[in-house]
Amino acid sequence: MVQDGAFIVTGANRGIGESVARALAATGATVVMACRDPGRSEKTAASIREESGNGDVGVMELDLASFRSIRAFAADFGLRGARISALIHNAGVLCDRYEETEDGFERTIQVNYLGQFLLSSLLLPAMIDGASRILFTSSIMYAFGRADERIFRRGAASYNRFKAYADSKLASLLFSLELAERLSPRGISACSVDPGIVDTDILKMHNRIDPLTDLFFRPFIRTKEQGAQPIALLAMDGAARGAFAGAARGASDAAGRGADGEYFVRCRERALCRRVRRHRFRKELWERTERLLGLAEALG
């Protein structure tokens, strides 16, 4: 089922993103794999084209740790004159040590939040009123995060990778909620999707406890294909969603509805607590981020 616009999947060269790209390509959709290393990612794209028989699968360079790269991606996409059916924010990092990007921000908060904000803003003109969807790959770790006026100022001395990751996921979730509200008049939906514990590189701690982590959590870990199902399902329009749900076990719960909820765990919508939905820093976070990125209220 070919849909009206392109599906942009960040971090689509491996893991969940690759499986999402494969699922979308199988429906005949135009898929843009937005990846940091386009040379290495082209092999994956070729495999997807061959497997799906869909020639409309391509790679574009995008590094969310670089505002320059994000702006170049958006400008290049704009020059192509394409429209967007869905923007899928899949790429994310859990850094084992403190790193600063070329833009001067801690890498985790930039890739997992600031980069998403900038990319969404710059691609908004290519969105289709009443049809486009913006999806964020989330994590239960948001529940351990903190969002306040210090979120962009945490330095190396107090760095903790799990805390940085949790903070970035909470910021991303708050962005998703605010974005959905602001884009509602245009009929553009936004939601966050927690695919569960998925077997990807982000699970590795890069230390001696990796074997123990694998031993204890293996029974609960889903394959990347299982993790991709709810994301791909919610990105599709009604006709393609129904066909995909019929072919994917466990995906039928979300069939027949769009990506118009707040938060999904796998394929089921879950209510967020009032503390998150009405977070005291939600609107201020938006305004501070706009100022940091020089967006002049581009998202409304």
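Residues numbered from 1 in each chain as written. Predicted model: local features only at pLDDT ≥ 70, side-chain atom pairs only at ≥ 80, totals over all residues. Heavy atoms only, no water.

Caption draft 1: The pairing of strand E2 (residues 30–35), seen in detail. Of all the 6 residues making up E2, 5 are buried; the element is thus mostly covered by neighbouring parts of the structure. Bridge count for strand E1 (residues 6–10) against E2 is 5 bridges, and the pairing is parallel. When the bridges of E2 are listed, Ile 8 appears paired with Val 32. In this view, the connection linking E1 to its parallel neighbour E2 by way of helix H1 (residues 15–25) has right-handed handedness. Where E2 and strand E3 (residues 57–61) come together, 5 bridges link them in parallel fashion. In the strand pairing of E3, Met 33 is matched with Val 59. What joins E2 to E3 is helix H2 (residues 38–52), and the crossover it makes is right-handed. (Buried < 20%, exposed > 50% of the residue type's maximum accessible area, 1.4 Å probe, protein only. Helix = DSSP H or I, 4+ residues; strand = E, 2+ residues; numbered from the N terminus. Pairing = 2+ DSSP bridges. Right-handed = clockwise from strand over helix to strand, strands pointing away.)

Caption draft 2: Layout of the pattern of salt bridges. In total, this model carries 18 salt bridges according to the counting rule given. Linking Arg 282 and Glu 181 is a salt bridge whose minimum nitrogen-to-oxygen distance equals 3.0 Å. With a gap of 101 residues between them, Arg 282 in helix H10 (residues 282–293) and Glu 181 in helix H5 (residues 161–183) connect regions that are remote in the sequence. Of the residues examined, Arg 282 reaches a relative accessible area of 8% and is grouped as buried. Residues Glu 181 and Lys 283 are paired through a salt bridge, measuring 3.4 Å at the closest nitrogen-oxygen approach. Of this pair, Glu 181 sits in helix H5 while Lys 283 sits in helix H10, and the two are 102 residues apart along the sequence. Classification of Glu 181 as partly exposed rests on a relative accessible area of 42%. Exposure remark for Lys 283: the relative accessible area of 42% places this residue in the partly exposed category. Each of Arg 146, Asp 148, Arg 150, Arg 154, Lys 163 and Asp 167 takes part in salt bridges that share partners, so that together they form one network. (Salt bridge = Lys/Arg side-chain N within 4 Å of Asp/Glu carboxyl O.)

Caption draft 3: Molecular detail of the environment of Asp 129. By the secondary structure assignment, Asp 129 is in the loop between helix H4 (107–123) and strand E5 (133–137). The sequence separation of Asp 129 and Arg 186 amounts to 57 residues, and the corresponding C-alpha distance is 5.2 Å. In this view, Asp 129 contacts Arg 186 and Ile 188; residues no more than four positions away in its chain are not counted. A distance of 2.5 Å separates a polar atom in the side chain of Asp 129 from a polar atom in the side chain of Arg 186. (Contact = heavy atoms within 4.5 Å. Polar contact = N/O pair within 3.5 Å; in protein donor to acceptor, adjacent residues only side chain to side chain.)

Caption draft 4: A look at the confidence of the model for the chain. Residues at a pLDDT of 70 or more form 81% of the chain, whose mean pLDDT is 86. Low confidence marks residues 249–253, where pLDDT is under 50. Its contacts with residues over four positions away, or in another chain, come to 10 contacts. (pLDDT = per-residue confidence, 0-100.)

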